[in-house]
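If you want the building blocks of each chain, they are given just below.
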Amino acid sequence: MTKEKIGERLKSMREERGMTKRFVAKKTKINYRTLCSYEYGERAPSDQNKVILADFFGTTVGDLFFAEGNNETR
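Please read all numbers here as calculations on a predicted model, not as lab measurements. (Residues numbered from 1 in each chain as written. Predicted model: local features only at pLDDT ≥ 70, side-chain atom pairs only at ≥ 80, totals over all residues. Heavy atoms only, no water.)

## Thoughts on the packing of helix α2 (residues 21-28) against helix α4 (residues 47-57)
Right, on to step 1. Two numbers describe how α2 lies on α4: the axes approach to 11 Å, and their chain directions differ by 110°. By the angle between their directions, the pair α2 and α4 is classed as roughly perpendicular. Here α2 runs over α4; the crossing is right-handed. Contact with α2, carried on its side by Phe23, Val24, Lys27 and Thr28, involves Ile52, Leu53 and Phe56 of α4 and no other residues of that element.
Right, on to step 2. Partitioning the contact of α2 with α4 into residue classes produces five nonpolar, one polar and one charged. (Axes fitted to C-alpha atoms, helices over the stretch in contact; angles between N-to-C directions. Helix = DSSP H or I, 4+ residues; strand = E, 2+ residues; numbered from the N terminus. Parallel < 35°, antiparallel > 145°, perpendicular 65-115°, else oblique. Left-handed = near helix turned anticlockwise from the far one by under 90°. Contact = heavy atoms within 4.5 Å. Nonpolar A, V, L, I, M, F, W, Y, C, P; charged D, E, K, R; others polar.)

## What about the packing of aromatic side chains?
Right, on to step 1. Tallying each qualifying case throughout the model produces one aromatic pair.
Right, on to step 2. Aromatic pair Phe56 and Phe57: ring centres 5.1 Å apart, planes at 75°, arrangement edge-to-face.
Right, on to step 3. Here Arg22 stacks its cationic end above the ring of Tyr32, 3.9 Å away from the centre of that ring.
Right, on to step 4. Cation over ring: Lys50 sits above Phe65, and NZ or CZ is 5.8 Å from the ring centre. (Phe/Tyr/Trp six-rings, centres within 6.5 Å; stacked < 30°, edge-to-face > 60°. Lys NZ or Arg CZ within 6 Å of the ring centre and 35° of its normal.)

## Some words on the nonpolar core
Right, on to step 1. Residues Leu10, Leu35, Tyr38, Leu53, Phe57, Leu64 and Phe65 are the most contacted members of the largest nonpolar core, which totals 14 residues.
Right, on to step 2. Listed by contribution, the elements that provide at least two residues to this core are α1 (3-16), α2, α3 (32-39), α4 and α5 (61-65). (Core = buried A, V, L, I, M, F, W, Y, C linked by side-chain atoms within 4.5 Å. Buried < 20%, exposed > 50% of the residue type's maximum accessible area, 1.4 Å probe, protein only.)

As structure tokens, then:
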């Protein structure tokens with residue numbers, strides 16, 4: 001999955017839950033600017049941050065970052 005698609009998916013999951021980027025950053029302890037760069041498609045999360053974000057959103061790393069078709073069903 002491209003960095004842009006990852007960013008779209010992260011933003012979509014966050015917005016569906018009514019959360020701000022600052023809230024997600026605080027709860028996951030991922031730097032706010034780092035989280036922004038993920039959502040803007042500027043960079044891809046590290047493996048460690050993929051696990052943290054998947055756990056936070058209650059899904060698997062595979063479903064969140066590698067399953068191309070999931071965006072249409074969320």
